[in-house]
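Structural overview
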Amino acid sequence: MRLQVLMGNGSRMMAAIVLAGATCGLAQTEKPLPYLDPSLPAAMRAADLVGRMTLEEKIGEMRNSSAAVERLGVPAYDWWNEGLHGVARSGYATMFPQAIGLAATWDASLLRRVGDVISTEARAKNNDALAHNNHSIYYGLTFWSPNINIFRDPRWGRGQETYGEDPFLTATMGVNFVEGLQGTNAKYFKVIATPKHFAVHSGPESERHKFDVLPSPHDLWDTYLPAFRATIVDAKADSTMCAYNAIEGQPACGSDLLMQTVLRGYWNFQGFVTSDCGAVDDFYQKTAHHTSPDKAHADADALLHGTDTECGGSYKALGDAVKDGLLSEADIDVSLRRLFEARMRLGMFDPAAIVPYRSIPMSAVDSAEHRAIALEAAEKSMVLLKNDGVLPLKAGKYRTIAVVGPNASSLAALEGNYNAIARDPVMPVDALRKELAGAKVVYAQGSPYAEGVTVPVPRSMLHPALGASEEGLKAEYFAGADFAGKPVVTRMDAGIDFDWNAASPVAGVPMDAFAVRWTGTITAPAAGTYEFSMRLAHCYPCGDRERFAVKIDGKGVGGFAADTGDEHRPNSTPKFTATFADAKPHAIEIEYAHKAPLFGAGMTWEWVAPVDALRKEAVDAASKADLVVAMMGLSPNLEGEEMKIHVDGFSGGDRTDIKLPAAQEDLLKAVAATGKPLVVVLLNGSALAVNWANEHANAVVEAWYPGEEGARAIAETLDGKNDPAGRLPVTFYASVDQLPAFTEYAMKGRTYRYFEGQPLYGFGYGLSYTKFAYSNLKLSAAKLNAGDALTVEADVKNVGARSGDEVAELYLTPPADGNGGLSPKVALEGFQRVHLLAGQVKHVVFKLSARDLSLVDAVGTRAVVAGEYVVSVGGVQPKEAKGNGVVSSKFAIRGRAELPH
């Protein structure tokens, strides 16, 4: 008997037992091994495969980058793939608004469609990768999304990745996203979703490897766990990621409470758990949790708690843990069976013809249909915070419009983090020029994000030749990294701000080896020495050979070369200076070359901008204009995951203050002083205390990090093609002084549910270009027994002069004296986004389950309890109604009904 392994076309494989006749030498009927038999249950197949592997082979499968086992026909596979708001780091894909912007749509069905698009493109990329024998990271089918941690504090830099501060909104959006990702096929997952980071995880970033969270049982079950329960129990996500932090003295990936009592116990989770990257290292490192003496003990602790696969290198020591008797090979088998069952359910060991998603072509990626959904999502994410009537802009009223601000032309401000790569991203200033074609749109950068913080070199300083009026530089793109031969493409680039991660920059140029030369002139705003840098694209793992060189007036002023691979890290910014004797044009040449197997291409040319000079340019532009549009906010280069940045207002990826940085607020004051109408557009991933803008600007629009179609959505919102109807998924506080300490995880005083003060803009807030009224509130019962459901109905009418969307929000106010004072003051328990023509009425129906009507007590028990409640339906929280037609009604609950965890 011999094992014959047949592999072809990258992923097509078969292992069969061929029985050789002892006398005639003829092969008898081939019978597939059990793990290759699609008719058998996935769990049985996984157990069969694991039973055939050696201990060494098993250990090779336990890390995110799992090894091939050629003798069994098992291909290499990397469990690490990103799809937060588009398939990330693997070439071009549809880029949706950042997760916080998706939450601002308050459209659950849209999240399901977004998830479906992402999984379609993931399958297309995986199919193509396998056809080219590419088993690399970022091309697989297990996606480490969504991030459903509660955005409890606006200072957290990763809050942009979440669906906001509310457990119900987060759970609803998360369920729809997970179901969109995983698909509807009864046998095969489309992809596998991984809700993260389990659990009680939301900063500070600088402390995440060592802080120990001690949540009260009430806060744990009332705020931090409901979204995880919904995505795991209801949406049946097949994976989850355990967090860096510790909880009650144990690392989250080795927590008795989280991993055993809750996940595998109460919730009967049958899927697999992956660690966050390096989280198991934190078990034994002295600068982190240091709950284990060494790597082997850490591995045993994590694995025995149910961390099935590890991102990092710690699980290489599993063999030592077995040798030392800390765990058995059978313990490893438990986790490995879960991992291979997931791969079976993804169809990785089955013929392509019977796996429904294996025929999705690359033409599906970033298709017109998918871009249309990205535009819809961006439009629906726009939140109108203030409007004195200046918006929508009246056609022909403003002949000259000044567009100013650091986010008017910034690719990063469209992307956010963990982003897809947009094929043809359009900057906001360009979208406004196209949309407002009848007006003259002039641009001035105006300010950096904050003083001393780099920002892309503005196009207004660049021209393709001496005397040219056109902004930008001449660009020549070469096939190959050595500038040999003629350029494949020659074009104008408005600036150097590109993300080509695993993508070809232009047609005809290979993604793994190309070069670009930009030439033209640069004009400094004033004589002096300026600091420049080249922010190289995200690169993990790297293995690339990046280099650039800069010449001004023919003399080299800066350069960088990574010749050894893996030399530059994500967001590396090699710096150089240039001195200008005057404010006249000077010849400039910039060469950039990229060579890598897959990853890392792209570069943004940045500078430390002179604040006063930039502000003067913006004021000059505003003085000559009829209207000013200020594109302000933040950048994912300032707020994000564990970053090396420490400037006023920002530290380590988090913020130390929530106000708009002084350089930007000073710009707003300066352009407003010209007396021209001022529209402020915010692009950011978290709440901003824009008190001055709220008091003095004519309009304020929150646009988040809006994705590849975000600039168009902004333009169409300003001119009225899109009626803004987004709602805030987080509270916009008036000051950081209204917040408890960032390190405090108690919910008292946090989020709209427990905050006692007056916010700048409340959770659920958002204006429209039309108006709505609510009436005819009806409850299915004025009194109900604990455990019964409640149906709530109401009419919503568009009482304005134009069509628009409305978000009907349902809030529950619990008994004031019930539950020992622990319950939230008010809680979202339903929402529907509806479109209404002028004068149209729609009937909305909400069905509240026993869980929707329940409360959590001091020991963490969830129950429906007796008392008098108030249900309110309207476009905002009931306390913020202010005559906008929110309707409310009381009802009573009799008895008590405990609910399962």
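Computed from a prediction, not measured in an experiment: that's the story for all the values here.

This part is about the overall build of the protein. The helix and strand inventory of the protein stands at 20 helices and 45 strands. Relative to its length of 901 residues, the protein is compact, with a C-alpha radius of gyration of 28 Å against a globular reference of 29 Å. Overall size of the protein, expressed as C-alpha extent along the three principal axes, is 95 × 80 × 50 Å. Excluding contacts between residues fewer than 6 apart, the proportion of contacts in the protein whose partners are at least 24 apart in sequence is 75%.

Attention now goes to the state of the cysteines. Overall, the coordinates contain 2 disulfides when judged by the stated rule. What pairs with Cys242 in a disulfide is Cys253, and their sulfur atoms sit 2.1 Å apart. Disulfide Cys242-Cys253: the torsion about the S-S bond is 100°, which places it as right-handed. Of this pair, Cys242 sits in strand S10 (residues 239–242) while Cys253 sits in the loop between strand S12 (250–251) and helix H8 (256–266); the two residues are 11 residues apart in sequence, bridging distant segments of the chain. Given the relative accessible area of 0%, Cys242 is considered buried. Cysteine pairing in the protein follows 1-2, 3-4, where each cysteine in a disulfide is numbered by its order in the sequence.

Among the nonpolar cores identified, the biggest contains 158 residues, and Leu391, Val629, Val681 and Leu718 are the most heavily contacted of them. No other element matches the 8 residues that helix H4 (residues 108–131) contributes to this core. The residues touching Val629, leaving out its near neighbours within four places in the chain, are Ile401, Ala402, Val403, Val404, Leu432, Val679, Val681 and Leu718. Core analysis: the second largest hydrophobic core is formed by 87 residues, Ile421, Trp500, Tyr530 and Trp607 among them.

For the coordinates displayed, the defined rule picks out 37 aromatic pairs. Seen from their ring centres, Phe478 and Phe483 are 5.5 Å apart, and the 65° between their planes marks the pair as edge-to-face. Each member of the pair, Phe478 as well as Phe483, carries the same accessibility label: buried. One aromatic cluster in this structure is built from Tyr530, Phe532, Phe548, Phe560, Phe576, Phe580, Trp605 and Trp607. The residue whose ring lies beneath Arg152 is Tyr745, and the NZ or CZ to ring-centre distance is 3.7 Å. In this structure, Lys196 packs its charged tip against the face of Tyr418, placed 5.0 Å from the ring centre.

Here we take up the sheet that holds strand S36 (residues 783–785). Sheet strands pair via backbone hydrogen bonds, and the direction of the pair is either parallel or antiparallel. Taking strand neighbours across the sheet as the criterion, the 5 strands line up as S36-S44-S43-S38-S39 in an open arrangement whose pairing is mixed. Of all the strands in the sheet, the pair left with one neighbour each is S36 and strand S39 (827–836). In this sheet, adjacent strand axes meet at a mean angle of 25° when their direction is disregarded.

Our next topic: empty space enclosed by the protein. All chains considered together, the criterion is met by 4 cavities of 30 Å³ or more. Here the largest cavity defines a volume of roughly 40 Å³. What lines the largest cavity is Thr731, Tyr752, Phe755, Pro759, Gly762, Phe763, Gln877, Lys879 and Glu880. A per-class count over the lining of the largest cavity returns 4 nonpolar, 3 polar and 2 charged.

In this section: the confidence of the model for the protein. Do not read the fine detail of predicted coordinates wherever pLDDT is low. Looking at the protein, pLDDT values average 94 and 95% of them are 70 or higher. Scored below 50 in pLDDT, residues 1–28 makes 54 contacts in the model with residues more than four places away or belonging to other chains.

About the cut-offs
Residues numbered from 1 in each chain as written. Predicted model: local features only at pLDDT ≥ 70, side-chain atom pairs only at ≥ 80, totals over all residues. Heavy atoms only, no water. Helix = DSSP H or I, 4+ residues; strand = E, 2+ residues; numbered from the N terminus. Rg over C-alpha atoms; globule rule 2.2 N^0.38 Å. Contact = heavy atoms within 4.5 Å. Disulfide = S-S within 2.5 Å. Buried < 20%, exposed > 50% of the residue type's maximum accessible area, 1.4 Å probe, protein only. Core = buried A, V, L, I, M, F, W, Y, C linked by side-chain atoms within 4.5 Å. Phe/Tyr/Trp six-rings, centres within 6.5 Å; stacked < 30°, edge-to-face > 60°. Lys NZ or Arg CZ within 6 Å of the ring centre and 35° of its normal. Pairing = 2+ DSSP bridges. Axes fitted to C-alpha atoms, helices over the stretch in contact; angles between N-to-C directions. 1 Å grid on protein atoms, 1.4 Å probe; cavity = no way out; pocket = protein on both sides within 12 Å on 5 of 7 lines; lining within 4 Å. Points joined across faces, edges and corners; volume = space filled by probe spheres on them. Nonpolar A, V, L, I, M, F, W, Y, C, P; charged D, E, K, R; others polar. pLDDT = per-residue confidence, 0-100.

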